[in-house]
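Each chain is listed here by its residues.
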Amino acid sequence: MNYCSYCVQDAGEQRGLESAGPWPRTVEDLILVQKRIGQATSHLWTPAGRVFSAAGCFVCFSRGRVGAGRPGEAGWAAAALLRSGRIVAAATVCGTAQAAYEPGLLALREGLLLEEAVRRLPERPDLLLVNATGRDHPRGAGLAVHLGIRLALPTVGVTRNPLLASGEPPAEARGSLSPLFLGGTIVAYWLRTQRGKRPLVAHAAWQTDARTAASVLLALTTRWRTPEPLREARRLAREARSEKRGDG
DNA sequence: GCGACAG
DNA sequence: ATCTTGTCGC
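Structural notes, computed from the coordinates. The structure presented is a predicted model; accordingly, all values stated were derived computationally and were not measured.

Quick look at the protein's contact with DNA strand B
Surrounding DNA strand B, one finds 20 residues, the nearest of these being G104, N131, T133, T159 and R160. Restricting the count to atoms of DNA strand B within 4 Å of the protein gives a sugar and phosphate share of 50%. In the model, a base nitrogen of DNA strand B is placed 2.9 Å from a nitrogen or oxygen of the G104 main chain. When grouped by side-chain class, the residues that make up the surface near DNA strand B number 9 nonpolar, 8 polar and 3 charged.

Okay, structure coming up:
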């Protein structure tokens, strides 16, 4: 297990991100960026039967809060890399939330910390799982799409609920899917990863369509409802929070 | 106008 | 997201 870590001293200091520029810091700027991102497309990525590595990233904030949170509050992010069914690397960072949570503007709150955690992994994954929507978004630019563009990695979104898309729930068997529509297109699928458990939402994001998202998430889910890389990233972020650290 | 609305 | 309580299963 190779752990890397880095504490984000200031949201303004994003070493090595010159090509992508800084994250938007205001609602107006983020919305402008999202309008551009929502139009961007690129060739689809598929596992195509090959072995692929997958990382998950997750951010949590200080406990005891209620509601949408506040800008400036402490946050911990982690990324975990899975290859051949094993977690082989992970990274954690600590820093601050850039904004309160607001539907459609999640990137403002979580984007910087998540990107930093993924960049601290000792190697780049083939695919990144993000705890957010992708194309299911008012401007087609959910955080999973945004992170994919910034990191130049194929991404898949994983959420508990859709943001705007709607569709019927899936059947009970593991692997059952049902489409989630937004503006007449399938932007995500309900996916039953465990019989008897609530389905999760598999989101099309950067270089992925909804079908690929669902297929990949099913493959990354065996024993638990949540895909393994995401589950491990969540555990590590909460562990860092409980120890009030960001330095692995 | 009102409510809903990823985390 | 986080909190709380209760319940089921290993």
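Overview of the nonpolar core
By size, the foremost hydrophobic cluster in this structure holds 38 residues, and its most contacted members are C57, V118, L128, V130, L143 and L147. Elements that contribute at least two residues to this core include exactly α1 (27–39), β2 (54–61), β3 (74–83), β4 (86–96), α2 (106–119), β5 (127–130) and α3 (143–151). By residue number, the principal contributor to this core is α2, which donates 8 residues. Among residues more than four places away in sequence, those in contact with L147 are W23, C57, G111, L114, E115 and V130. Residues C60, C94, A210 and L236 belong to the second largest nonpolar core, which totals 32 residues.

Considering the protein's contact with DNA strand C
In the region of DNA strand C, the neighbouring residues are F58, C60, F61, R63, G64, R65, G67, N131, R238 and R241. Contacts to DNA strand C include R63, whose side-chain N or O atom sits 2.6 Å from a phosphate oxygen. Between DNA strand C and R241, the relevant distance is 2.4 Å, taken from a phosphate oxygen to a side-chain nitrogen or oxygen of the residue. Of all elements in the fold, only β2 and α5 (228–242) reach the threshold of two or more residues within the surface near DNA strand C. Among the elements that make up the surface near DNA strand C, the one with the highest residue count is β2 (3 residues). Each residue belonging to the surface near DNA strand C can be placed in one class, and the counts come to 3 nonpolar, 3 polar and 4 charged.

Rules used in this analysis
- Each chain carries its own residue numbering, running from 1 in the written order of its sequence.
- All chains are assigned letters beginning with A, and all ligands numbers beginning with 1, in the order in which they are written.
- Local features in this predicted model are restricted to residues of pLDDT 70 or higher, and side-chain atom pairs are both shown and tallied only at a pLDDT of 80 or more, whereas totals for entire chains, interfaces and linings draw on every residue.
- In computing side-chain values, all of the structure's heavy atoms are included and hydrogens and water are not.
- We call a residue near a molecule or strand when any one of its heavy atoms sits within 4 Å of it.
- Distance and chemistry together define a polar contact, namely a pair of N or O atoms within 3.5 Å, with one atom able to donate a hydrogen and the other to accept it when in protein, and with adjacent residues in sequence counting only for side-chain atoms on both sides.
- Polar here means any residue other than Ala, Val, Leu, Ile, Met, Phe, Trp, Tyr, Cys and Pro, which are nonpolar, and Asp, Glu, Lys and Arg, which are charged; Gly is therefore polar.
- Only buried residues count toward a nonpolar core. Its members are Ala, Val, Leu, Ile, Met, Phe, Trp, Tyr and Cys residues joined through side-chain atoms within 4.5 Å.
- For every residue, the accessible area obtained with a 1.4 Å probe (protein chains only) is divided by the maximum for its type, and the residue is called buried under 20%, exposed over 50%, and partly exposed between those limits.
- Each helix is a run of H or I in the DSSP string that is no shorter than four residues. Each strand is a run of E no shorter than two, and both are numbered from the N terminus.
- The contact rule is simple, with two residues in contact once any of their heavy atoms fall within 4.5 Å.

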